[in-house]
Every structure is written in structure tokens, then in C-alpha cells.
Amino acid sequence: MSTGLALNRCSVSVCRTAVTLLNRPTVSVARSLKFSRRLIGNCSIAPADPYVVADDDKYGNKQVISLTPRLYDYVLSNVREPKILRQLREETSKMRGSQMQVSPDQAQLLAMLVQMLAAERCIEVGVYTGYSSLAVALVLPESGCLVACERDSNSLEVAKRYYELAGVSHKVNVKQGLAAESLKSMIQNGEGASYDFAFVDADKRMYQDYFELLLQLVRVGGVIVMDNVLWHGRVSDPMVNDAKTISIRNFNKKLMDDKRVSISMVPIGDGMTICRKR
Ligand SMILES: C[S@@+](CC[C@H](N)C(=O)[O-])C[C@H]1O[C@@H](n2cnc3c(N)ncnc32)[C@H](O)[C@@H]1O
């Protein structure tokens, strides 16, 4: 019985892979055709089933969850989003660039990491209207501090209004300007190794620079979270070679060999890598 179910799920997952490949204009045609021929006739369940299996047999046909819209709605319905964050999210949804905001499940994970670290001193690079920074500020202790780096004054106006509304503005030190310059001046001010947590969600071509600066600012045992490491799936497609994709791909590759940190790439939102400084 259980074997039948397992086989059924397995074939569904392969179907999903085939459908994905066939829908992608960039994948090699020969490979797509090979997949489709092998699979037609096996594909008895709708391709919306939420499983994927690694192509490489060495992973033992392990089935992992691939979110469908319905399953993601379920995930979101299990997020404990504070009312003030919901208000900010709803206001931001009407603004230009709203897709840049982290998702509620991501914000909850960031807040959880901050709490697990008992973090007091945090940094965010890329604030926009403040959703992720507010999630962090809300869980910081009264003595805590979040340095919020953002260049855009319009979006910062929204963020600052919500810090006030939430009663956390005393915990947030907004640095308006180019984030790399702000981080460099913090290092020059002798703030090295004094931060517990950092979150990077800004210009993708600067990821390596931000990471190097933050490694100086974060203490041993502190955590740096990098957002968008899966970059809408483009990082795994060898046919996609625009500057941002190459930059994130190179960053991910370099991080794999970086002995200064322990890492975990998590497929949440657009992908986040959690790095713990050794
Ligand atoms: C993806 S959004 C941040 C979203 C935010 N973390 C949230 O959850 O709402 C990226 C932000 O980074 C800012 N940004 C991009 N490049 C920057 C730079 N060099 N210095 C400072 N801010 C920058 C943009 O203005 C934008 O608001």
C-alpha cells in the first residue's frame, strides 16, 4: 500500500520536472524531449502536486516539498503576523516596488533567528518601506538597536512612520545613503565584531561587498542572512547570464568554499542563505 503511494508520488514529481522543463524556453530541446518521451503515459496525476525529486539518483529519490499556490496559502495562514506588520504590508502592496518586500513567512523566520540569538545589535541593508526591519525591531529588547541602511528617502518615510506607530523607533537607527558607505563608516567608528545579526536585501551586484563588510561588523557566532539567493530560479539555469544572476550565482559559489562561515541555503521566499560566523 505505502509502496504504491510512494511510487505514485514519485511519478508525479517526475511529471512536474518534465512539465517545468518543457515550459522553459532556455533548457536544451534534446533534454526536454528525452524527458517528455520517458514520461508520457506515466503522468496520471495533475502536475500541481507539491513534490520534487532531485534528478541525481544519488539523493535516493528523496521527495521534497515544492509549494503550489494552495499550499503556500496554507503556509501563510500559519504565520503569526503582528497586526502592525499586516497594516504595513497592505499599505506597501499599493506602492511601486511592493514585490521587493519579504514575505510574512520570511519575516517570521528573521524574527525567530533574532530571538534565538538573543540579538541586541542588528543591521539591515535594504529597508524599502520597513517590513523586514520592523519584524526584527519588534522582537528586539528595549535596549536593542537595529541599524537600517536605505538610500531611498520616499520608502524610508513609510518605514519611519511605521517604526513610530509600532513604538519601536527608539530601537532603529536609520542610515540614509549608500549602504556600503554606511557599513564602512561603522567599521571606521570601531564597531567591528559588535553586531549579532545582519540581513542583506539590497542591490544584488553588491552582495559580496556587503558580505565582506558585515563579516567585519558581526561577532563570532553572529548571523548574516542573504536574501534572493535563488533569484527567481535563474541561478540554476545556465542559459540565464544577466549581470544580477551572475553576481548571485558567483556569490553562492564562493560562499560554498568560505570557511569563515557555516551556511544553510533555505528555499523560503526567493531563497535565503543563513550564514553563521565561525
Ligand atoms: C528588496 S528591497 C528591500 C525590502 C525590505 N527588506 C522589505 O522586506 O521590505 C531593496 C531596497 O534596497 C535599497 N537599495 C538598493 N541599493 C542600495 C544601496 N546601494 N544602498 C542603500 N539602499 C539600497 C532599495 O532602495 C530598496 O528599497
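The numbering scheme is per chain: residues are counted from 1 as the chain's sequence reads. In view of the model being predicted, local features appear only for residues whose pLDDT reaches at least 70, and side-chain atom pairs are presented and counted only at 80 or more, with totals across whole chains, interfaces and linings using the full set of residues.

You'll find the chain entered in an unreviewed UniProt entry as AT3g62000/F21F14_170, with Arabidopsis thaliana given as the organism. UniProt positions are given in the numbering used here, feature names are shortened, and annotations may be inferred rather than shown by experiment. We quote the UniProt Sequence similarities (unreviewed entry) comment for the chain here in full: "Belongs to the class I-like SAM-binding methyltransferase superfamily. Cation-dependent O-methyltransferase family." Entered under Cofactor (unreviewed entry) in the UniProt record, the comment concerning the chain runs "a divalent metal cation".

Caption draft 1: Structural view of the sheet that holds strand β8 (residues 261-266). Paired strands, as defined in this entry, are two strands with at least two bridges between them according to DSSP. We count a stretch as a helix when DSSP gives it H or I for four or more residues in a row; a strand needs E for two or more, and each element gets its number in order from the N terminus. Taken together, seven strands build an open sheet; the order of strands is β5-β4-β3-β6-β7-β9-β8 and the sheet is mixed. Two strands lie at the open edges of the sheet, namely β5 (172-176) and β8, each paired on one side alone. Adjacent strand axes in the sheet meet at a mean angle of 15 degrees when their direction is disregarded. Bridging between strand β4 (residues 145-150) and β5 involves five bridges; their strand directions are parallel. Angles here are taken between N-to-C directions and fall from 0 to 180 degrees, while the axes themselves are lines fitted to C-alpha atoms, restricted in helices to the stretch in contact.

Caption draft 2: Highlighting the site of the ligand. Note on definitions: a residue is near a molecule or strand provided its C-beta atom, placed from the backbone, lies within 6 Å of it. If you check the shell around the ligand, you find 19 residues, and the closest are Met-100, Gly-126, Tyr-128, Ser-132 and Ala-179. For the shell around the ligand, the elements supplying multiple residues, two or more each, are α6 (131-139) and β4. Class assignment of the residues belonging to the shell around the ligand gives a composition of nine nonpolar, five polar and five charged. Under the grouping applied here, Gly and all other residues not named as nonpolar or charged are polar, the nonpolar ones being Ala, Val, Leu, Ile, Met, Phe, Trp, Tyr, Cys and Pro and the charged ones Asp, Glu, Lys and Arg.

Caption draft 3: Representation of helix α4 (residues 83-92). Within α4 the residues assigned to the buried category are Leu-85, Leu-88 and Thr-92. In a view along the axis of α4, the buried residues occupy a sector of 60 degrees, so they form one face of it. Projecting away from the buried face of α4 at angles above 90 degrees are the exposed residues Lys-83, Arg-86 and Glu-90. We call two residues in contact if the C-beta atoms placed from their backbones are at most 7 Å apart. Structurally, α4 contributes buried residues whose contacts are with α5 (104-116), α6 and α7 (153-166). As a rule, residues whose C-beta atom has 12 or fewer other C-beta atoms within 10 Å are exposed, those with 20 or more are buried, and those in between are partly exposed; C-beta atoms are placed from the backbone. The directions considered for the arc are those from the helix axis to the C-beta atoms.

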